[in-house]
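The primary structure of each chain is shown beneath.
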Amino acid sequence: MSPDSASNASDLTDGQTDDQPRGSRHLSSADIADLYDDMADRYQRWDWANRLFSGPLRKRAFGDARGRVLDVACGAGTNFRYLPRTAQLVGVDISADMVAAARGELDAIGRGGTVYRMDAQELAFPDDSFDTVVSALSTCTFPDPVAALSEMARVCRPDGRVLLLEHGRSDAELVGRFQDWRADAHYEQHGCRWTQDPLAHFEETDLTVVDSEAFLLGTVTVIEARPTAD
Ligand SMILES: C[S@@+](CC[C@H](N)C(=O)[O-])C[C@H]1O[C@@H](n2cnc3c(N)ncnc32)[C@H](O)[C@@H]1O
C-alpha cells in the first residue's frame, strides 16, 4: 500500500485487546471507519468546543514537536494548530470523512501538509521516516493498540519521539465508576475504550515511556515515549 492510495477498510488489519468492555462486540477497523465517517460532520461542527477543553493539553503534549511530524489517527485535524509552524505535517486516519475534514482544517488554518487515509496498524511509510510521531485520543479506538504503537515506533527515527495524549480510567473513584458503568455504551457509540490504562500497551512494544503525566482527574494522560534502543 502506498501513502497515496486509499486503503480498503474491509482489508484492514484487525486484532483484539484485553481492555475491551465486556458486554460489547469487538469493533473491527472497518466498523471504526464507518462510525467515524458518521461522526465527522459533528466533529467539525464541535471542534471549537473540543479545542476549548483539550487545546491547552494538546499544546502541552505536542507544542515542541520537531521536523517531519506524523499525526496518527488525526481525526478532523484538531492537533494541527498546536504543532509548531516549522513542522512538516503528515496526517493519517482510517475514516475517509475524517481525512476530508482534516484537509479542510489545513486550509482553514493556512498550513501546508498532507493527509492520507491509512490504517495506523499498517502504516505505509518506510522505517525511521519521521522525527516526531504524535497521536491524540487514539489508542482507545484502535482495534489493536499494540500493533498501532509498534508501527509508530517503526516509522519514528531512533533519536525521535512519540508524543501521545490518551484517555484512561479516572483515578477519582466516582468518575471511574461512572466510566465503568458507561463503558459498553461508550464503546458502541464511539469505538472508544475509555477505561483503558494507556500506559499498559507500551510493555509489548519497542517504545520506552520516558515521561507521563495525568490530567483531568486521571481521565487524560500526556505521554512521551522513545523508540527503545537495540
Ligand atoms: C476519538 S477520535 C480522535 C481524533 C483526533 N486525534 C483528535 O484528537 O480529535 C479517534 C480517531 O481515530 C481514528 N482511527 C481509529 N482507528 C484507526 C486506525 N486503525 N487507523 C487510523 N485511524 C484510526 C478514527 O477514525 C478517529 O478519527
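We now turn to the structure provided with this report. (Residues numbered from 1 in each chain as written. Predicted model: local features only at pLDDT ≥ 70, side-chain atom pairs only at ≥ 80, totals over all residues. Heavy atoms only, no water.)

## A closer look at the environment of Gly55
Argument step 1. Its location among the elements puts Gly55 in helix α2 (residues 47–62).
Argument step 2. Residue Gly55 is classed as buried on the basis of its relative accessible area, which comes to 4%.
Argument step 3. A C-alpha to C-alpha distance of 8.6 Å links Gly55 and Thr78, two positions 23 residues apart in sequence.
Argument step 4. If we skip the residues at most four places from it in the chain, Gly55 touches Asn50 and Tyr82. (Helix = DSSP H or I, 4+ residues; strand = E, 2+ residues; numbered from the N terminus. Buried < 20%, exposed > 50% of the residue type's maximum accessible area, 1.4 Å probe, protein only. Contact = heavy atoms within 4.5 Å.)

## Remarks on the pairing of strand β4 (residues 130–136)
Argument step 1. Most of β4 sits out of view: six of its seven residues are buried.
Argument step 2. Relative to β4, strand β1 (residues 68–72) is paired through three bridges, and the arrangement is parallel. Along β4, the bridge assignment pairs Asp71 with Val134.
Argument step 3. Across six bridges, β4 lies against strand β5 (residues 156–167) in parallel orientation. Paired with Val133 across the bridge in β5 is Val162.
Argument step 4. Assessed by its sense of winding, the connection that carries the chain from β4 through helix α4 (residues 145–155) to β5 is right-handed. (Pairing = 2+ DSSP bridges. Right-handed = clockwise from strand over helix to strand, strands pointing away.)

## A few points about the packing of helix α1 (residues 29–45) against helix α3 (residues 96–108)
Argument step 1. Between α1 and α3, whose axes approach to 7 Å, the crossing angle comes to 25°. Comparing the axis directions of α1 and α3 gives the class roughly parallel. Of the residues in α3, those in contact with Tyr36, Asp37, Ala40, Tyr43 and Gln44 of α1 are Ala96, Asp97, Met98 and Ala101.
Argument step 2. The residue makeup of the contact of α1 with α3, split by class, is six nonpolar, one polar and two charged. (Axes fitted to C-alpha atoms, helices over the stretch in contact; angles between N-to-C directions. Parallel < 35°, antiparallel > 145°, perpendicular 65-115°, else oblique. Nonpolar A, V, L, I, M, F, W, Y, C, P; charged D, E, K, R; others polar.)

## Description of the pattern of salt bridges
Argument step 1. In total, this model carries 13 salt bridges according to the counting rule given.
Argument step 2. In this structure, Arg157 and Asp159 form a salt bridge, with 3.1 Å as the shortest nitrogen-oxygen distance.
Argument step 3. A salt bridge links Glu224 to Arg226; the shortest N-O distance between them is 3.4 Å.
Argument step 4. By relative accessible area, Glu224 is classed as buried at 19%.
Argument step 5. What you see here is one network of salt bridges that share partners, running through Asp64, Arg161, Glu224 and Arg226. (Salt bridge = Lys/Arg side-chain N within 4 Å of Asp/Glu carboxyl O.)

## Overview of unusual backbone geometry
Argument step 1. One non-glycine residue, Ala73, adopts positive backbone phi at about 60°.
Argument step 2. The topology assignment puts Ala73 in the loop between β1 and β2 (88–93).
Argument step 3. Located in the positive-phi region is Leu216, a residue other than glycine, with phi close to 50°.
Argument step 4. The exposure class assigned to Leu216 is partly exposed, which follows from its relative accessible area of 41%.

## Things to note about the layout of surface pockets
Argument step 1. If you add up the space inside the largest pocket, you get close to 1000 Å³.
Argument step 2. Of all the elements in the fold, those that place two or more residues in the lining of the largest pocket are α1, α2, β2, β5 and α5 (173–190).
Argument step 3. Ranked by residue count, the leading element in the lining of the largest pocket is α2, at seven residues.
Argument step 4. Across the lining of the largest pocket, the residue classes tally to 26 nonpolar, 15 polar and five charged. (1 Å grid on protein atoms, 1.4 Å probe; cavity = no way out; pocket = protein on both sides within 12 Å on 5 of 7 lines; lining within 4 Å. Points joined across faces, edges and corners; volume = space filled by probe spheres on them.)

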